[in-house]
Amino acid sequence: MGKIKVRLKGKAYEIVIRHGLLKTIGVMLRRYACGSDAVVVSNKTIWAIYGRALTTSLKKSGISVHVEFVPDSERAKSFTSLKRLLDHIGAYDERKRLFVIAFGGGVIGDLAGFTAAVYKRGIPYVQVPTTLLAQVDSSIGGKTAIDLSVAKNLVGSFYQPRAVLTDTSILATLSERHFKNGLAEVIKYGVIADRGLFEYIERHYRKILAKDTEALEYIVGRASQIKARVVEKDEFDRTGVRAILNFGHTIGHAIEAAASYSSQYHHGEAIAIGMVVASRIALTLGMMSASTAGRIEALIERVGLPTRLKGIPLSRLERSYLRDKKFVRGKNRLVLPVCIGRVKVIEGVPDAAIKKAIRACMVH
Ligand code: NAD
Ligand code: GLY
């Protein structure tokens, strides 16, 4: 079992990572003393597979269970879902010691976390992430949000969970596409902070893609540790430290927006191309060697993630990129690799270098 402490002023919490953890989750939740009445936010896809195991474990520990289903897609991160959840929780909340369990991927984690943040100005919540992306990224660090029609994640708050309880065995039923989606973020952690993790993926990518128990525990554990250390240094994304998590995300977000957040590009797929573009920009600026840029691109390709952009016109991508919120005082801000395991945040990268890298990654 892996335990990682997230040390934040006045609100430290644990990430527990274990294959098969769901069976004993009730006992663990008792220890965290969040409450005795769980409002589980989930969707019907996840609940059909794991609902019974979660309910059984909670009830065995004397925790009552009330389930709230939300739509199975980004659509769930809406005011409609938020209001519905708040109305239902309000009606249910009578002489109860309520806490929220976010039982799902990043969509559910973001929505349930935000609901817990605003109900009665904050009630406890626990993240039980069920996708690789949620296990290594979105469940850790307290960013909660819903979307507006103009862009994603514009309404939210920093609200830390009481614990993140991660069962890697749950990934067995995750689709290959969603699994690879999360793997893009794991590769990102290797590039920004951990050469050892990057080399592990290079050596063991077949075992990882086969969802080998030991390999999953290793990559989820290492990635969670890196995210925890970054969040500890910059909980509210103010000092620039947390910005390194955005490696590949500036161009990645522009790709997602240019594709109108459709299933043409999932987040991790867009980030994968964004990492290739960022590596090429670093190469053009003389920050990194051609062999290192080639190694990053080769690993992304080997695990089956895209490295080239198809079906989106350059002009549309440029428009989305210019709207990105990572611009500071009118200047762009990009996270660029220096070597495997280290990145730098660079402001005011020449447009010509960005366009050249994007063009090199476009399939016409
Ligand atoms: P998701 O939550 O939509 O889940 C992907 C799909 O997998 C869904 O259809 C879901 O029902 C299904 N699923 C989940 N677990 C499963 C399992 N174990 N077995 C079978 N099917 C399963 O997508 P995601 O990639 O997890 O999350 C994306 C969201 O995360 C976006 O909204 C993004 O904005 C957000 N995000 C937030 C942060 C943060 O720091 N808060 C960071 C990154 C991403
Ligand atoms: N996913 C980026 C962050 O948590 O800051």
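Look a little higher up for the structure.
Calculation rules
Residues numbered from 1 in each chain as written. Chains lettered and ligands numbered in written order. Predicted model: local features only at pLDDT ≥ 70, side-chain atom pairs only at ≥ 80, totals over all residues. Heavy atoms only, no water. Buried < 20%, exposed > 50% of the residue type's maximum accessible area, 1.4 Å probe, protein only. Helix = DSSP H or I, 4+ residues; strand = E, 2+ residues; numbered from the N terminus. Pairing = 2+ DSSP bridges. Salt bridge = Lys/Arg side-chain N within 4 Å of Asp/Glu carboxyl O. Near = heavy atom within 4 Å. Polar contact = N/O pair within 3.5 Å; in protein donor to acceptor, adjacent residues only side chain to side chain. Nonpolar A, V, L, I, M, F, W, Y, C, P; charged D, E, K, R; others polar. Expected span 1.5 Å × (residues − 1). Bend = angle between axes of the 7 residues up to and from the residue. Contact = heavy atoms within 4.5 Å.

Caption draft 1: Here's a closer look at the pairing of strand E2 (residues 13–17). With respect to burial, E2 is a largely interior element, five of its five residues being buried. Every second residue of E2 is oriented toward a common face, with Tyr13, Ile15 and Ile17 on one face and Glu14 and Val16 on the other, all of them buried. Bridge count for strand E1 (residues 2–6) against E2 is five bridges, and the pairing is antiparallel. Each residue of the ladder has a partner; that of Ile4, found in E2, is Ile15. As judged from the four bridges shared by E2 and strand E9 (residues 163–166), these two strands associate in the parallel manner. By the bridge assignment, Ile17 is partnered in E9 with Thr166.

Caption draft 2: Region of interest: the pattern of salt bridges. Applying the stated rule across the entire model yields 22 salt bridges. Asp87 is the partner of Lys83 in a salt bridge, and the nearest nitrogen-oxygen pair spans 2.7 Å. Residue Lys83 and its partner Asp87 are both found in helix H3 (residues 79–92); the two are separated by four residues, about one turn of the helix. For the salt bridge of Asp93 with Lys120, the shortest nitrogen-to-oxygen distance reads 2.7 Å. One end of the pair, Asp93, is in the loop between H3 and strand E5 (98–104); the other, Lys120, is in the loop between helix H4 (106–118) and strand E6 (125–129), and 27 residues separate them in sequence. By sharing partners, the salt bridges in this structure join Glu74, Lys77, Asp110, Asp147, Lys152 and Glu256 into a single network.

Caption draft 3: View of the site of ligand 2. Around ligand 2, a shell composed of Asp137, Lys143, Lys227, Arg242 and Leu245 is seen. Within the side chain of Lys143, one N or O atom sits 2.8 Å away from an oxygen atom of ligand 2. Split by residue class, the shell around ligand 2 holds one nonpolar, no polar and four charged.

Caption draft 4: Structural detail: helix H2 (residues 44–60). Counted at 1.5 Å a residue, the expected span for H2 with its 17 residues is 24 Å, and the 23 Å between its end C-alpha atoms agrees. Where H2 bends most, the angle comes to about 65°, and this point is Tyr50. Within H2, the full set of buried residues consists of Ile46, Trp47, Tyr50, Gly51, Leu54, Thr55, Ser57 and Leu58. Looking at the buried positions of H2, the neighbouring elements they touch are helix H1 (25–32), strand E3 (37–42), strand E4 (64–69), E5 and H4. In the stretch just after H2, Gly62 is the one whose phi turns positive, near 80°.

Nothing here speaks to function; it is geometry throughout.
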